[in-house]
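Here is how the chains run, residue by residue.
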Amino acid sequence: MKPDFTVVLEGYTYFECPRWHEGRVWVSDFYSYRVLSAEADGSDVRVEAEVPQQPSGLGWLPDGRLLVVSMKDHTILRREDDGSLVVHADLSSHVAANLNDMLVDDRGRAYVGNFGFDLMNLATPDTADLLRVDPDGSATVVAKDLYFPNGMALTPDGELLVDETVGNRVSVFSVHPDGSLGERRDWAKFAELPDMNDMTTALGQLVVAADGCAIDTDGSLWAADALGQRIVHIEPGKGIVDQLEFDTGVFACGLGGDDGRTLFVCAAPDFNEHQRKVETEGKLLAVRV
């Protein structure tokens, strides 16, 4: 169905990683290089951080300090109490392509994905590692051979879901007490793995390009389809049970609002870096679900 929505923010470049935190919606704007927050209706916009190497995933340590992915220099930044940004973790020895989304659990452990290859110039697809950054800034590879690990969520029973954007699947991992992960399993499979010899061919074989996502209280998942102009609603064991259709690209979503029933959706015409850098068509939408 085509949902009723309101426009929360508009006139930005390309939003990703919406998070609801302390009564406000937070979001990264890739190409203005800022992390923003606002009231649920879009009022009182604040610049929370300026990240020259492009912000992406957001999360918070147990003491309330913000963590933000700095994509192009492969670091996780930490905002101190005085507002300054410091390097929390340098992941450059672990990755060769842009860092991307991030999930921070209630212990302050950050699970961080990355592109694995040069998506924006349609390089040959390659797999990527999923990293865990502990609160002391140390980094560990916790999963290998993932196809563009992107949006993540923790299920109500504590398992980790990882959207594999070019893998036609959402994977699930058991999380051990020390933060390590068990073997990868299919949580939702939309089709077979695409032909990874050519990026254009692979894109054409994607049924769902699962991007940023949000877990619901019943354990179902809302996930943006980066190629399908839709948010798909996925239930474990059932697959896609519903979808919200838009007239523009949608690339991430997050649940929030005072009752947790507002789905904040990051929208833009496409994810092409070369276009989004020079245009200001990025919007944050709100849908009641």
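Each chain has its residues counted from 1, following the order in which its sequence is written. A pLDDT threshold of at least 70 governs which residues receive local features in this predicted model, and a stricter bar of 80 or more applies before side-chain atom pairs are shown or counted, although totals over entire chains, interfaces and linings include all residues. Processing note: side-chain calculations cover all non-hydrogen atoms of the structure and skip hydrogens and water entirely.

Further remarks concern the pattern of salt bridges. Opposite charge on two side chains lets them pair, provided their charged atoms get close. We count a salt bridge whenever a side-chain nitrogen from Lys or Arg sits within 4 Å of a carboxyl oxygen from Asp or Glu. In total, this model carries 25 salt bridges according to the counting rule given. Ionic pairing is found between Arg276 and Asp270, a salt bridge with its closest N-O pair at 2.9 Å. Note on classification: 1.4 Å probe, protein chains only; a residue is buried when its accessible area is under 20% of the maximum for its type, exposed when over 50%, partly exposed between these limits. Given a relative accessible area of 2%, Arg276 falls into the buried group. The network of salt bridges with shared partners includes Arg24, Glu39, Asp44 and Arg46.

Here a strand is any run of E in DSSP of at least two residues, a helix any run of H or I of at least four, and the numbering for each starts at the N terminus. For Ser37, the location among the structural elements is in strand 4 (residues 34-38). Separated by 3.0 Å, the side chains of Ser37 and Arg24 make a polar contact. Among residues more than four places away in sequence, those in contact with Ser37 are Arg24, Val25, Trp26, Asp44, Val45, Arg46 and Glu48. Side-chain atoms alone can form a polar contact between residues adjacent in sequence; in general such a contact is a pair of N or O atoms within 3.5 Å, and within protein one must be able to donate a hydrogen while the other accepts it. Every residue pair with non-hydrogen atoms within 4.5 Å of one another is taken to be in contact.

This part covers the UniProt feature "binding site: substrate" (unreviewed entry) in the chain. UniProt positions are given in the numbering used here, feature names are shortened, and annotations may be inferred rather than shown by experiment. Residues annotated by UniProt as "binding site: substrate" (unreviewed entry) correspond here to Asn100 and Asp118. Here Asn100 lies in strand 10 (residues 99-104). Other than its neighbours up to four places away in sequence, Asn100 contacts Ser56, Gly57, Val69, Met71, Gly113, Asn114, Phe115, Phe148, Pro149 and Asn150.

Looking now at the side chain of Asn100. Its relative accessible area of 4% is what places Asn100 among the buried residues. For Asn100, the side chain forms a polar contact with the side chain of Asn150, separated by 3.0 Å.

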